[in-house]
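Secondary and tertiary structure notes
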Amino acid sequence: MKFFKPCLLVLCVLMTQFYAKSQSADVVSRAAYDSLLKRIEAVEAAQRDYANSDDVDGNTGATRGAQEKGGYKKKKSKVVLGFNKEYNDNEEFTKFRVGGYGEMWASYMDYGPNRFNAPYGSYREEKGRIAIPRFVLAGDYKFNRWFQMGAEIEFESGGTGSTFEYEIGTGSENGEAELEIEKGGEVALEQFHITATIFKELNVRAGHIIVPVGLTNSHHEPINFFGTRRPEGETKIIPSTWHETGLELFGSLGKGWYNFDYQLQVVTGLTADEFDRYDFVGGASQGIFEEDNFSCPAYVARVNYNGVPGLRVGGSWYYLRDAGKNAIKPYKYNSLSLPVRLYSADAEYKNKYVVARGNFLYGNVGNVDKLAKTAGFTGAKYTPIITSPSGMLSGTIPYHEAVSYAAEVGINIGAFIPSKKPIKILPFARYEYYNPQWKDDVKTSDPRTEVAMWTVGVNWFALPNLVVKLDWTTRHFGTDNPFRDNGYVVNGTKINTENDLSIGIAYVGWFAKK
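Note that the structure is predicted; figures quoted are calculated from it, not measured.

In this section: the overall build of the chain. Counting its secondary structure elements, the chain contains six helices and 18 strands. The buried share of the chain, reckoned over its 514 residues, is 50%. Long-range pairs, those at least 24 residues apart, make up 68% of the contacts in the chain with a sequence separation of at least 6. Surface exposure of the chain reaches about 24,200 Å², of which carbon and sulfur atoms provide 63%.

Here is the structure:
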């Protein structure tokens, strides 16, 4: 009996603990059930929000996530599909993922292949065209919590092979046909880099990376612009998609209303061999040989302000001290210094009702007057300097300054339609102006390179990451006003307008992940 009271006490304690555990388990189960309901509601809300968002990043998803979040810090975010930048990098994938993007279009055109064949521009010719401009495979792989790899391989215009190519719309080729060892396009390594995610404010990336100059390069996936084709202005003046090999520092600074992200790069510079009067430095990116020239690297900086919900304002800067030092035969430029400076500013605002974008790009190449006076040598093809009867310089020397600016706005009429499922249909309008021969002191500019254009159309998002596009484009030349008559060349001949009616489809997304 002397052990009865202690035993009874121990039994009471054990029963009390068992009851407490059972009650705790019941509370946990109820809490888990409530958490699951909240999670389902959050997923449904995120899907609705994502259906009204088309923000896709210019880098592969994992590396961009590291840039915006800084390493692998846990953070609540939207559940999204595709290359959207607003995701939790830990939740999106744990080891690897494979995806890509692509686009295709068909067009009716009322003009010939080359506006530089005659003073009046392209001759009238009705024709249809269909193309698959690009198909890109992308992948991200996490080695561990600190290091990850990103890569993109682009198949452009059907890939490679042996074919006859008919050059369209380029002044230097002048509409000629030639046999080339390619299938109308190329297979290119667009990105390949290793990223070290240190912390939010500072991360490091090394390899083949996107050069974030201009709006199109920074956000080049096909659901990030309204038209069936990429905006023309930037792609006619600078490389697009522009990718070089080098080193990058990036990160995100501040919180809330004071949030900025930045990118600082040292990359392979442009080469003076590929300067051109028709596309400024648009074809001057290196990469035609197994090794790139790194004698004179370029320096790139970009800053984005993200503090206001729905608004992003960015700017970029590019400086190359001497493009001649990156030439195939740099001694040809020994007596010259050919600095390249590029400045861009862009902005985007969007909510469930409206998407608006605008961008400005200015480029400057120094000492082109000295290059023009170098007898028998004009750069890209080592052709002699020839002056045409109209007083315009032929050949491949770039003009001293080039400029491009554009704005577009789309209204989501689907947001005004009552529906249980999100509807996203955006009629839009876009204005563009560009001129690769904007200003120079020694040459007479060609009005056929000065382009003002309107594009109007509609985008229907059949899925959050798949869009069907329809648009009409009209180009006017020698003017900055597409509603005014075209400009005139020296002999007074009016330049023909160019018109396109196009339909296209584009997608972006991840196919598999772990």
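As a further point, take the packing of aromatic side chains. Given two aromatic rings, one states the distance between the centres and the angle between the planes to describe the pair. By the definition in use, this model includes 14 aromatic pairs. Ring centres 5.0 Å apart and planes at 15 degrees place the aromatic pair phenylalanine 226 and phenylalanine 428 in the stacked group. Here phenylalanine 226, found in the loop between helix H4 (215–218) and helix H5 (232–235), pairs with phenylalanine 428, found in strand E15 (residues 425–439); they are 202 residues apart in sequence, far enough to count as distant. Between tryptophan 317 and tyrosine 319, the aromatic rings sit 6.2 Å apart at their centres with planes inclined by 5 degrees, giving stacked as the arrangement. Put simply, the rings of Tyr405, Tyr431, Tyr433 and Trp454 pair up and form one aromatic cluster.

On inspection of all chains with the given rule, the structure shows four cavities of 30 Å³ or more. Counted as a void, the largest cavity has a volume near 180 Å³. Together, 20 residues line the largest cavity, and Leu215, Thr216, Pro231, Arg357 and Glu408 are the ones closest to its centre. When residues of the lining of the largest cavity are traced back to their parent elements, those giving at least two are H4, H5, strand E13 (354–365), strand E14 (401–411) and E15. Top contributing element to the lining of the largest cavity by residue count: E14, with four residues. As a volume, the second largest cavity reaches approximately 100 Å³. Contributing to the lining of the second largest cavity are 14 residues, with Arg229, Glu232, Arg430, Met453 and Thr473 lying nearest its centre. Taken together, the elements giving at least two residues each to the lining of the second largest cavity come down to E15, strand E16 (451–463), strand E17 (466–477) and strand E18 (498–513). Among the elements that line the lining of the second largest cavity, the one with the most residues is E17, at three residues. Among the residues forming the lining of the second largest cavity, the class breakdown is one nonpolar, five polar and eight charged.

Secondary-structure assignment places glycine 139 in strand E2 (residues 124–142). Each C-alpha atom, one on glycine 139 and one on glutamine 191, is 9.9 Å from the other, the two residues being 52 residues apart in sequence. If we ignore the near neighbours within four places in the chain, the residues touching glycine 139 are Arg97, Val98, Met149, Gly150, Ala151 and Trp510.

This brings us to the nonpolar core. Grouped burial of nonpolar side chains is what soluble globular proteins tend to show. Counting residues in hydrophobic clusters, the biggest one holds 35 residues, and the most contacted among them are Val213, Tyr318 and Val340. Looking at this core, the elements that each hand over two or more residues are strand E10 (298–305), strand E11 (311–320), strand E12 (340–350), E13, helix H6 (368–372) and E16. Each residue touching valine 213, except ones within four places of it in the same chain, is listed here: Ser218, Ile238, Trp242, Val300, Ser316, Tyr318, Leu342, Ser344 and Leu361. Grouped together as the second largest cluster of nonpolar side chains are eleven residues, Tyr101, Phe226, Leu426 and Phe461 included.

Turning next to the pairing of strand E3 (residues 147–156). Every regular strand shows the same layout, with side chains that alternate between the two sheet faces. Looking at chain direction, E2 and E3 are connected through nine bridges and run antiparallel. Paired with aspartate 140 across the strands is glycine 150, a residue of E3. Counted along the chain from E2 to the antiparallel partner E3, the turn is four residues long. Pairing of E3 with strand E6 (residues 186–199) involves ten bridges; the strand directions are antiparallel. Its bridge partner lying in E6, glutamine 148 is registered against threonine 195.

Reading guide: rules and limits
- Residues numbered from 1 in each chain as written.
- Predicted model: local features only at pLDDT ≥ 70, side-chain atom pairs only at ≥ 80, totals over all residues.
- Heavy atoms only, no water.
- Helix = DSSP H or I, 4+ residues; strand = E, 2+ residues; numbered from the N terminus.
- Buried < 20%, exposed > 50% of the residue type's maximum accessible area, 1.4 Å probe, protein only.
- Contact = heavy atoms within 4.5 Å.
- Areas by Shrake-Rupley, 256 points an atom, 1.4 Å probe, with all protein chains shown as cover.
- Phe/Tyr/Trp six-rings, centres within 6.5 Å; stacked < 30°, edge-to-face > 60°.
- 1 Å grid on protein atoms, 1.4 Å probe; cavity = no way out; pocket = protein on both sides within 12 Å on 5 of 7 lines; lining within 4 Å.
- Points joined across faces, edges and corners; volume = space filled by probe spheres on them.
- Nonpolar A, V, L, I, M, F, W, Y, C, P; charged D, E, K, R; others polar.
- Core = buried A, V, L, I, M, F, W, Y, C linked by side-chain atoms within 4.5 Å.
- Pairing = 2+ DSSP bridges.

From the geometry alone we can't say anything about function, so treat these as descriptive.
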